[in-house]
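Single-letter residue listing:
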Amino acid sequence: MRMSQLFYYPQKEIPKDVEAISHILMVKSCMVERVASGIYDFLPLGFRVLKKIEDIIRREMLSIGAQEVLLPALHPSELWKITGRWDDYGEELFKLTDRHNRTLCLGPTHEEIITTLVKAKINSYRQLPFMLFQIQTKFRDEPRPRFGIIRCREFIMKDLYSFHADEDSLNDGYYKVYYAYKNIFDAIGANYKIVEAASGPIGGDVSHEFVIIAESGEDEIAYCSSCSYSATTEMADYNPVIVEDNESELPLEKIHTPGLKSVEEVSEYLNIPPSKLIKTIIIKADGRNVALMVRGDSEVNLNKVEKLLNAREISLLEDTEGSLPLGFVGPVGLENIEIIADPEVKGIKNGVVGANIQDYHYKNVNIGRDFIPDRFYPIRKVKDRDLCPRCSKELVVSKGIEAGHIFKLGTKYSEPIGAMFQTPTGELKPVIMGCYGIGVSRLVAASIEQNNDRNGIIWPRNIAPYEIYILPTDWANESIRNFAETLYKKLLERGYEVILDDRDERAGTKFVDADLLGIPLRITIGNKFVKSDIVEIKERKSSEVEEIPSEELILKLKEVL
RNA sequence: CGGGGCGUAGCGCAACUUGGCUAGCGCGCUUGGUUUGGGACCAAGAGGCUGAAGGUUCAAAUCCUUUCGCCCCGACCA
């Protein structure tokens with residue numbers, strides 16, 4: 001590509017409110033252009049990167065035997081009503097009505113469509129297993145689009161669906177995809193973690209997320225600094241450590257704490273650290289009230305409680321439900337209600353809890369003397385530097401971008417839709433399914449989040465829009481120009497993806513653009529070439545410059561690329 | 001959905017509080033000249049229905065109402 005022809009209009013000034021590094025760099029480097037909130041144009045440079053990522057994904061999908069299909073973006077409402085998701089999916093579903101007053105939605109995901117297809121074509125175990133995938137635009141009416149292309153209302157996603165006759169086969173398929181995903185994320189050059197995850201509204205039991213470590217991520221994950229354990233903080237376990245306070249028990253004391261409900265308020269008012277407070281919250285689990293206790297500097301992980309209680313539905317108790325003075329609840333004298341405490345609570349001597357009386361707390365509360373929890377169980381959210389549940393080394397809590405998510409769906413969709421097959425014994429069974437997504441457009445941004453410096457993007461070679469940037473410092477100089485042109489043609493012939501900066505710009509401008517665009521290799525043809533036939537090769541990533549005689553250039557490129 | 005903020009040239013912003021000449025500045029763009037290895041300089045230009053609708057007024061970018069769009073923070077922790 002000739003720079004003079006490229007649809008490239010770098011922006012020096014970008015809006016103040018653009019936050020994420022990837023967003024800033026993508027706007028600056030003219031990769032994308034915002035059309036509306038959460039809706040973007042992909043411009044030539046951005047689109048090339050998108051295509052490269054797509055190709056990597058496609059190659060891996062094909063290699064595990066999946067076949068590519070293209071499914072509609074427009075879905076009739078009936079399909080979504082069958083699975084109940086017309087209502088369950090909520091406001092994120094883009095709904096619309098056609099001229100005949102038929103209701104439709106723009107597909108946020110394609111389980112309904114693909115399962116209906118399978119219903120139409122599959123009726124025997126002999127046809128199973130198989131996998132289909134699609135790479136296409138999906139739509140979600142996000143409550144708040146954010147971080148440029150990372151959280152959009154319209155975005156490109158790869159979805160693979162697998163169909164099986166039994167659990168073993170599903171498991172087989174699941175791990176085939178799991179390893180294909182590893183290959184993909186490795187090929188893209190991402191720093192990522194595979195974490196055990198909650199399956200969310202898509203459903204199913206087993207699930208892994210592929211998370212790209214990045215500050216602007218909206219996922220929070222915990223991973224072990226030593227072994228391979230990792231999970232979302234929703235799911236993560238930890239090895240509880242009980243630190244016994246080393247002090248003697250003081251007499252219980254009731255204190256007036258008018259209007260002070262939160263841990264911070266009470267802690268500040270009494271000048272006692274939050275770790276000495278015991279937070280007590282009341283939840284409703286399938287209609288039954290349960291009290292949960294954690295140390296004041298911790299947070300309850302409701303996800304864990306839900307699992308522990310094996311409850312279908314749990315929620316925090318509302319002010320209007322029951323007679324407890326919310327904000328002043330404590331375990332002392334709390335009756336007819338199960339109390340579950342985090343093991344950490346055991347270590348607290350002379351703690352502070354709510355008194356179950358409006359505007360009062362108790363000081364110097366001691367476990368055993370003043371109250372006894374019904375059971376201890378680690379129910380708080382993990383924190384940075386907690387101990388790994390497997391190897392007891394320290395965990396790291398970090399933010400990341402959810403880039404891939406794989407689920408075992410089971411028969412969640414095949415059953416209601418009626419995608420059945422006949423077993424060898426003539427039985428009719430619903431097809432067992434798996435579903436496996438990758439946020440393709442999001443990966444473009446995620447990669448930039450990890451690969452940049454103050455001058456711009458640093459593309460990993462596999463997904464760079466071009467491999468080589470030929471930079472003639474003075475386009476008006478005939479010998480420079482001739483050499484650059486010849487080099488450009490030679491490299492194209494040899495199959496390299498090359499940019500030739502044939503603009504009549506000052507050298508400085510070209511250097512700045514080359515850095516911003518982050519093309520892995522830059523070849524500078526300047527005054528050293530004019531004087532002594534020397535050209536420069538610079539690697540964007542390491543900033544290493546090598547000067548070599550011009551006639552050795554092509555050979556040298558073979559070596560480094 | 002709750003709270004806050006912003007819509008003025010392609011982009012980034014000023015002028016609005018206290019209404020009043022031709023709505024400014026920077027980037028980018030056009031023309032000419034000088035420059036030419038890290039976002040050059042000088043000169044001359046082009047480019048605006050001040051988001052939209054209504055109102056107040058002799059007079060509205062500016063005040064009022066409505067509406068549309070955009071951004072940020074929050075959205076179960078006691």
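Residues numbered from 1 in each chain as written. Chains lettered and ligands numbered in written order. Predicted model: local features only at pLDDT ≥ 70, side-chain atom pairs only at ≥ 80, totals over all residues. Heavy atoms only, no water.

1. Re the packing of aromatic side chains
Point 1. The final tally for this structure, using the stated rule, is 14 aromatic pairs.
Point 2. Measuring from ring centre to ring centre gives 5.1 Å for tyrosine 174 and tyrosine 175, while their planes differ by 75°; the resulting arrangement is edge-to-face.
Point 3. Each ring, one from tyrosine 178 and one from phenylalanine 210, has its centre 5.9 Å from the other, and the planes form 65°; the classification is edge-to-face. Placement of the pair is tyrosine 178 in helix H6 (residues 167–188) and phenylalanine 210 in strand E10 (residues 207–213), with a sequence separation of 32 residues. In terms of burial, tyrosine 178 and phenylalanine 210 fall into one category: buried.
Point 4. Put simply, the rings of Tyr174, Tyr175, Tyr178, Tyr179, Tyr181, Phe185, Tyr192, Phe210 and Tyr436 pair up and form one aromatic cluster.
Point 5. Its end group placed over the ring of tyrosine 223, lysine 193 keeps NZ or CZ at 4.4 Å from the ring centre.
Point 6. It is lysine 346 that lies over the ring of phenylalanine 376; its NZ or CZ is 4.6 Å from the centre. (Phe/Tyr/Trp six-rings, centres within 6.5 Å; stacked < 30°, edge-to-face > 60°. Helix = DSSP H or I, 4+ residues; strand = E, 2+ residues; numbered from the N terminus. Buried < 20%, exposed > 50% of the residue type's maximum accessible area, 1.4 Å probe, protein only. Lys NZ or Arg CZ within 6 Å of the ring centre and 35° of its normal.)

2. Brief notes about the domain arrangement of chain A
Point 1. When cut into domains, chain A gives domain 1 (46–69 + 108–236 + 397–448), domain 2 (253–376) and domain 3 (466–560).
Point 2. For domain 2 versus domain 3, the distance between C-alpha centres works out to 67 Å. (Domains from an automatic or database assignment.)

3. Focus: the pattern of salt bridges
Point 1. One pass over the structure, following the stated rule, counts 39 salt bridges.
Point 2. Ionic pairing is found between arginine 48 and glutamate 497, a salt bridge with its closest N-O pair at 3.0 Å. Taken together, the residues arginine 48 in helix H2 (residues 44–63) and glutamate 497 in the loop between helix H11 (478–493) and strand E28 (498–500) connect sequence positions 449 residues apart.
Point 3. Assessed through its relative accessible area of 27%, arginine 48 is described here as partly exposed.
Point 4. When the shortest N-O distance is used, the salt bridge between arginine 85 and glutamate 112 registers 2.7 Å. (Salt bridge = Lys/Arg side-chain N within 4 Å of Asp/Glu carboxyl O.)

4. Looking at unusual backbone geometry
Point 1. Going from leucine 128 to proline 129, the amide bond is cis rather than trans, its omega being -10°.
Point 2. Residues other than glycine seldom take positive phi values, yet asparagine 356 does so here, at roughly 65°.
Point 3. Along the chain, the position of asparagine 356 falls in the loop between strand E18 (351–354) and strand E19 (360–365).

5. Concerning helix H1 (residues 21–28)
Point 1. Inspection of H1 places Ser22, His23, Leu25, Met26 and Val27 among the buried residues, and these make up the whole buried set.
Point 2. Considering only its buried residues, H1 is in contact with strand E1 (32–36), strand E2 (39–42), helix H10 (440–450), strand E25 (452–453), strand E26 (456–457) and helix H12 (507–517).
Point 3. Positive phi appears at cysteine 30, one or two residues downstream of H1, with a value of about 60°. (Contact = heavy atoms within 4.5 Å.)

6. A closer look at the sheet that holds strand E6 (residues 103–106)
Point 1. Judged by pairing direction, the sheet is antiparallel, and its three strands sit side by side in the order E4-E6-E5 without closing on themselves. Where the open sheet ends on each side, the last strands, each with one partner, are strand E4 (74–76) and strand E5 (94–97). The mean angle between the axes of side-by-side strands here comes to 35°, regardless of whether they run parallel or antiparallel.
Point 2. Alignment of E5 against E6, held across four bridges, turns out to be antiparallel. Its bridge partner lying in E6, phenylalanine 94 is registered against leucine 106. (Pairing = 2+ DSSP bridges. Axes fitted to C-alpha atoms, helices over the stretch in contact; angles between N-to-C directions.)

7. Some details on the protein's contact with RNA strand B
Point 1. Lining the immediate environment of RNA strand B, one finds 36 residues, of which Glu13, Arg144, Val300, Leu326 and Asp515 sit closest.
Point 2. Within the side chain of arginine 34, one N or O atom sits 3.2 Å away from a sugar or linking oxygen of RNA strand B.
Point 3. Within the side chain of arginine 144, a nitrogen or oxygen atom sits 2.4 Å from a phosphate oxygen of RNA strand B.
Point 4. Looking at the surface near RNA strand B, the elements that each hand over two or more residues are E1, strand E14 (278–285), H12, strand E29 (521–525) and strand E30 (534–539).
Point 5. Ranked by the residues each element gives to the surface near RNA strand B, the list is headed by H12, at six residues.
Point 6. Among the residues making up the surface near RNA strand B, the classes are represented as 11 nonpolar, 10 polar and 15 charged. (Near = heavy atom within 4 Å. Polar contact = N/O pair within 3.5 Å; in protein donor to acceptor, adjacent residues only side chain to side chain. Nonpolar A, V, L, I, M, F, W, Y, C, P; charged D, E, K, R; others polar.)

8. Description of the nonpolar core
A general feature of soluble globular proteins is that nonpolar side chains tend to end up buried together.
Point 1. Counting 68 residues, the largest nonpolar core has Met61 and Tyr181 as its most contacted members.
Point 2. Summarising the domain contributions, this core has at least three residues from each of domain 1 (46–69 + 108–236 + 397–448) and domain 3 (466–560).
Point 3. Those residues in contact with tyrosine 181 that lie beyond four places of it in its chain are Met61, Lys158, Phe210, Gly404, His405, Ile406, Tyr436, Gly437 and Ile438.
Point 4. The next biggest cluster of nonpolar side chains, apart from the first, holds 24 residues, and it includes Leu93, Cys105, Ile114 and Phe163. (Core = buried A, V, L, I, M, F, W, Y, C linked by side-chain atoms within 4.5 Å.)

9. Examining the packing of H2 against H10
Point 1. Where H2 contacts H10, the two axes come as close as 9 Å, and the packing angle between them is 115°. The angle between H2 and H10 falls in the class roughly perpendicular. Crossing angle aside, the handedness with which H2 passes H10 is right-handed. Across the interface between the two elements, Val49, Leu50, Ile53, Glu54 and Ile57 of H2 pack against Val440, Ser441, Leu443 and Val444 of H10.
Point 2. A per-class count over the contact of H2 with H10 returns seven nonpolar, one polar and one charged. (Parallel < 35°, antiparallel > 145°, perpendicular 65-115°, else oblique. Left-handed = near helix turned anticlockwise from the far one by under 90°.)

10. Here's the deal with the side chain of arginine 442
Point 1. As for its position among the elements, arginine 442 is in helix H10.
Point 2. Notably, arginine 442 is buried but unbridged: the nearest opposite-charge side chain belongs to glutamate 218, and the N-O separation is 4.8 Å.
Point 3. Within the local environment of arginine 442, its side chain forms a polar contact with the backbone oxygen of isoleucine 150, the two atoms lying 2.9 Å apart. (Lys, Arg positive; Asp, Glu negative; His and termini not counted.)

11. Concerning helix H14 (residues 553–560)
Point 1. For H14, the set of buried residues is Leu553, Ile554, Lys556 and Leu557. Along H14, the residues classed as buried sweep out an arc of 160° about the axis, all on the same side. Exposed residues lying more than 90 degrees from the buried face of H14 are Leu555, Lys558 and Glu559.
Point 2. On its buried face, H14 sits against strand E27 (468–472), H11, E29, E30 and strand E31 (545–549). (Arc of directions from axis to C-beta.)

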